[in-house]
Amino acid sequence: MELFFDLVFVLALARLSHGLVEHLTWSDAFQTLVLLLALWQVWARTAGLTDRLDPKQPLIQVLVMATMFGALVMAAAAPEAFRERGLLFAGVYVATEIGRSIVVVLLLSGHEARRLFIRLLFWSGVSAVPWIAGAVAQDTARAVLWTLAVAVEYAPIALGFPTPRLGRASPADFEVSSEHLAERFQQLFIIALGELILITGLTLGGSGFGADSIAATAIAFATTALLWRIYIHRAGQLLAEAIAAASDPVRVSTLAVHAHLVMVAGIIAIAVGDELVIEHPFGHTDPALIAVILGGPALFLAGRALFEYGVFSRVSRNRLIGLGLLAAISPTMIFLPPLVAAAAGALVLAGIAVTDAARARGRPPEPPSPPR
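Residues numbered from 1 in each chain as written. Predicted model: local features only at pLDDT ≥ 70, side-chain atom pairs only at ≥ 80, totals over all residues. Heavy atoms only, no water.

*Asks:* Even after reading the chapter, I still don't get the overall build of the chain, so can you show me in this structure?
*Replies:* Scanning the chain from N- to C-terminus turns up 14 helices and zero strands. Moving toward the C terminus, one meets the helices and strands of the chain in the order α-α-α-α-α-α-α-α-α-α-α-α-α-α. Expected size for 372 residues packed as a compact globule is a radius of gyration near 21 Å; at 21 Å, the chain falls within 12% of this value. Each principal axis of the C-alpha distribution contributes one length, and for the chain these read about 65 × 55 × 35 Å. (Helix = DSSP H or I, 4+ residues; strand = E, 2+ residues; numbered from the N terminus. Rg over C-alpha atoms; globule rule 2.2 N^0.38 Å.)

*Asks:* Help me out: how do you make sense of the pattern of salt bridges in this one?
*Replies:* Working definition: two side chains of opposite charge can pair if their charged atoms are close together. This model, assessed by the stated rule, comprises eleven salt bridges. The salt bridge involving Asp6 is made with Arg184; its shortest N-O contact spans 2.7 Å. Here Asp6 is found in helix 1 (residues 2-6), whereas its partner Arg184 is found in helix 8 (residues 178-205), with 178 residues between them in sequence. Given a relative accessible area of 0%, Asp6 falls into the buried group. Taking the shortest distance from any N to any O, the salt bridge between Glu153 and Arg45 comes out at 3.2 Å. In this pair, Glu153 sits in helix 7 (residues 139-159) while Arg45 sits in helix 3 (residues 26-52), placing the two residues 108 residues apart along the sequence. Comparing Glu153 with Arg45, the two get one shared label, buried. Counted as one network, the salt bridges with shared partners bring together Glu308, Arg314, Arg319, Asp356, Arg359 and Glu366. (Salt bridge = Lys/Arg side-chain N within 4 Å of Asp/Glu carboxyl O. Buried < 20%, exposed > 50% of the residue type's maximum accessible area, 1.4 Å probe, protein only.)

*Asks:* Whenever I open this one, unusual backbone geometry confuses me. Can you help?
*Replies:* Leave glycine aside and you will find that most residues have negative phi; peptide bonds, for their part, are mostly trans. Positive phi, normally seen in glycine, also occurs at Asp139, with a value near 50°. You will see that Phe161, though not glycine, has its phi angle at about 50°, which is positive.

*Asks:* Mind showing me how you'd approach the packing of aromatic side chains here?
*Replies:* For any two aromatic rings, the description comes down to two numbers: the centre-to-centre distance and the angle of the planes. What the rule picks out here adds up to twelve aromatic pairs. Here Phe189 and Phe300 contribute two aromatic rings whose centre-to-centre distance is 6.1 Å and whose plane-to-plane angle is 35°, an arrangement assigned as tilted. Remark: Phe300 occurs in helix 12 (residues 287-312) and Phe189 occurs in helix 8; sequence separation between them is 111 residues. For the pair shown, Phe189 and Phe300 are each scored as buried. One aromatic cluster is present, formed by Phe82, Phe89, Tyr93, Trp131 and Trp146 through successive ring pairs. Lying across the ring of Trp146, Arg142 places its NZ or CZ 5.5 Å from the centre. (Phe/Tyr/Trp six-rings, centres within 6.5 Å; stacked < 30°, edge-to-face > 60°. Lys NZ or Arg CZ within 6 Å of the ring centre and 35° of its normal.)

Fair warning: the whole summary comes from geometry, so function is off the table for now.
So this is what it looks like as structure tokens:
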């Protein structure tokens, strides 16, 4: 059921990256981030729902599929959400979040998890105001109001979801199944890589199959494979054990949520770069293009470093070196073709994957040691 739900996020990520390809500016990049945060909230709250309630139950399956349909419509509207599809995107988002919470609160009468979903319902209602107000506003006003709406959605997480008459939530309210959460993140990460494969294949199909486009496709595929290899190396395999071993499981779970959000944002940027490089391997290289070609891997590495910290309480030196290299080579890449910039980013990732393997060779597997 949950993997079926995740399928809609192949479309969601592809639509976000497509919208950024069509309008590759700094303001549009910020707008894409706002939309990603909204869609991420839909995914994260659905993951929390299926962690608390049995997804094999017919009523829960209907609720998850209704959420999936809402996410499908949001994904379809996303590229034009800051233009003529604002009311559609915001209206469906608000209806999906509030509607799901209302149904769950009614279903959970007497259940210990009901209080958490009452908190989610309250804060969804608060955020609905700037969401709808932004939808009927224009341009900068919409961006400001929707940024406020996203802040209202995310700030209560750090504050413990303070709610009238209920106060702050206790750590027990956020307890999760470590195995389930780790599996959900692994599934979502694979889905995100699936979006890269989709974009790469579709773009190659419309490129005319020139030698330069095939070379760019090979680099894009290698980058995708390297992302998987770097993700899964140790920390990606040990999240469940790290949450179970942590003195504060909620903290480790929260770190994992934020880390995966940053990694997925990086994958969206990489998808934009892949599409543009395959279409124009030797075209003009401007700062915005460099930002997605090399900024995407940098975002991924930053998220992966945060993820590693959540599992091992430290960050491997090669991740930091990789971030430094990407930053150092970025200014020079503006004088070179996009294909060369993409190859440089892939080489940095390859160096990290190779050093990961070399460091692990001949050593016993490192156990998780989450921060205390």
